[in-house]
Amino acid sequence: MKLTIKKKWLLAGSLCLVAGLLAGTEMAAAATSSTLRTVCTAQNTSRVIALPGDAKAGKAVRAAASQPAAASIQHVRLTWKEQPSAVQYQVVILRSEQDDPSNIAVTKEQIFTNGVDIDLSRFGSEAGKFYWKVCALDYNGKAIGHFSKPRPIIEGSEINPKAPKPTTQFDGMDYAPVYPVYSWVPLAGAKQHEVSVYRVASWGNSLVHTLSAGEYDVYEEGGFTTPGRYFWQVRSVDGAGNPTSEWSEKVFFEVKGPTPIAALGDSITHGGGAMSVPPGYLLYDWESYASVPVKNIGYSGNTTADMIERFERDILPFSPRVLIIMGGVNDFRGTVNGWTTVQNLQLMRDKCDAYGIIPVFLTATPINPALMVKRAHIEAPPGDWQVHMQYINDWVMQQRYCIDVSTMLADSNGWLRANYTTDGLHPDYYGKKYIGERVGEYLNAHFAWITKKLTKKPIPQYGQ
């Protein structure tokens, strides 16, 4: 639909220009007033065609084309790059470029994704002159850094969007995760959504399934192990399941194999962090920071017993030569003792041996019980959780291939460092970055015969 609208707009703009030059500005103005307007960021703005030798006229048309009709702004969607450690964001709409409290038109808080749709209909034509700025906030609502520089409301925004905006970053990942998490920026007021997932085939798109979702995201429960090209879309629905928006753009991902290196684990492997950022973003995906491509086969909430149950189903289709295994956190913070966890890890090691896979074990990361209870309202772990964690990690460090990723994440009490986590359970940016870098270094040092043949996608950079 976007391509069709842009083409129509471009054609209409060209005809208006020609008509204005040949028959006067009155006819051009009439044609322009009925043109459907869209707003794009600077790099995506369609070119406006001017007649040869008429640079002045072309410049004027381009300037006019870059501004939406102010009276047409009913609501606006603003997006920005996600900020490490941000739990929420605050957006301020200014009546002009003047960055002063007395100039504020709208303040929007408790935004739990890197975008927001704001209703500006009550401001009428005045809204077209507004500016906006955004600030990242931590768990306590304190600013992380400073507000961004105020920008015109029509920059970095979408005027009157008709559908939610997908935010997943599968295209930046080396491989699509086996268990995708679909996320988006909702339209103003939308609390319920549905997501449809399709497989692309030569004879047409085949519906895999439709998921019911809440406000911001939904976790995939069925793993994708069948090779092929897929896409997903999301739309808003009401309480009865009736659509209240159009379908979003299609977001494609591809399942392919074999994948020489894969990672089996729980939510720490799956991704997500800072309480509000789901897997699907590069930011809290430790695989993003490894210097070699790693297939993500993590599943949030898994115990080591869960990992055994899905071993053949989720691992074998990708024929990995090396399998990174990290589990145990959901065991020792619950009722599973360390001895049982080690038995499960041994069974996974035996499975790897039987299938010709080299297992590389990672130590289980520590937790911070105080933050778990206070912030995430997660049940406090048993008082002896550290004893069981240490038992697991002692076994891990006796294996032929092993990596200690837990020691550097722990404070003097052996807890997960408070500045490395928001909810006390999951490492955030610095923790995930450290894990990924350590894994990459280890794999390059011990399995160069595999890694030197692989191509890694760019490692994401933040705060640059």
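What counts as what
- Residues numbered from 1 in each chain as written.
- Predicted model: local features only at pLDDT ≥ 70, side-chain atom pairs only at ≥ 80, totals over all residues.
- Heavy atoms only, no water.
- Helix = DSSP H or I, 4+ residues; strand = E, 2+ residues; numbered from the N terminus.
- Buried < 20%, exposed > 50% of the residue type's maximum accessible area, 1.4 Å probe, protein only.
- Contact = heavy atoms within 4.5 Å.
- Areas by Shrake-Rupley, 256 points an atom, 1.4 Å probe, with all protein chains shown as cover.
- Expected span 1.5 Å × (residues − 1).
- Polar contact = N/O pair within 3.5 Å; in protein donor to acceptor, adjacent residues only side chain to side chain.
- Pairing = 2+ DSSP bridges.
- Core = buried A, V, L, I, M, F, W, Y, C linked by side-chain atoms within 4.5 Å.
- Domains from an automatic or database assignment.
- Axes fitted to C-alpha atoms, helices over the stretch in contact; angles between N-to-C directions.

Named according to an unreviewed UniProt entry, the chain is Lysophospholipase L1 originating from Selenomonas ruminantium.

K.L.:
So, the overall build of the chain: which residues are in play, and what are the values?
P.N.:
When helices and strands are tallied, the chain shows twelve helices and 20 strands. The buried share among the 464 residues of the chain stands at 50%. Contacts in the chain between residues far apart in sequence, at least 24 positions, make up 73% of those at least 6 positions apart. Summing over all exposed atoms, the chain offers an accessible surface of approximately 21800 Å²; the carbon and sulfur share of this is 53%.

K.L.:
Lay out the environment of Gly172 in plain terms, naming residues and giving numbers.
P.N.:
As for its placement among the helices and strands, Gly172 is situated in the loop between strand E9 (165-166) and strand E10 (181-185). Sequence spacing of Gly172 and Pro460 is 288 residues, and the spatial spacing of their C-alpha atoms is 8.6 Å. Ignoring sequence-local partners within four residues, the contact set of Gly172 consists of Leu282 and Lys457.

K.L.:
Help me get a handle on helix H8 (residues 338-354), residues and values and all.
P.N.:
Between its first and last C-alpha, H8 extends 24 Å over 17 residues, near the 24 Å set by a 1.5 Å rise per residue. Those residues of H8 that sit buried are Gly338, Thr341, Val342, Asn344, Leu345, Met348, Lys351 and Cys352. For H8, the N-terminal capping position is held by Asn337, with its side-chain oxygen 3.2 Å away from the main-chain nitrogen of Trp339. Looking one or two residues past H8, Gly356 carries a phi angle of roughly 70 degrees, positive in sign.

K.L.:
Account for the pairing of strand E11 (residues 192-201), with residues named and values stated.
P.N.:
In this sheet, strand E14 (residues 228-237) lies alongside E11 in antiparallel orientation, the contact comprising nine bridges. What sits directly across from Val195, in E14, is Val234. Strand direction decides the pairing type here: E11 and strand E12 (residues 204-213), joined by nine bridges, are antiparallel. Note on E12: the bridge partner recorded for Glu194 is Ser212. As consecutive antiparallel partners, E11 and E12 are separated by two residues.

K.L.:
A description of the nonpolar core should follow, citing residues and the corresponding values.
P.N.:
Within the largest apolar cluster, 84 residues are counted, with the highest numbers of intra-cluster contacts made by Tyr182, Trp232, Phe253 and Ile324. Counting residues per element, this core draws most heavily on helix H11 (residues 429-446), at six residues. For this core, the domains that each give at least three residues are domain 2 (163-256) and domain 3 (257-463). Look past the residues within four positions of Ile324 in its chain and what remains in contact with it is Ile261, Ala262, Ala263, Leu264, Trp286, Val294, Val360, Leu362, Val439 and Leu443. The next biggest cluster of nonpolar side chains, apart from the first, holds 23 residues, and it includes Tyr89, Val106, Ala127 and Ile153.

K.L.:
Tell me about the sheet that holds E14, and please be specific about residues and values.
P.N.:
If you trace the four strands from one edge of the open sheet to the other, you get E12-E11-E14-E15, paired in antiparallel fashion. Of all the strands in the sheet, just E12 and strand E15 (251-255) have a single pairing partner and so form its edges. Each strand axis lies, on average, 25 degrees off the axis of its neighbour in the sheet, ignoring direction.

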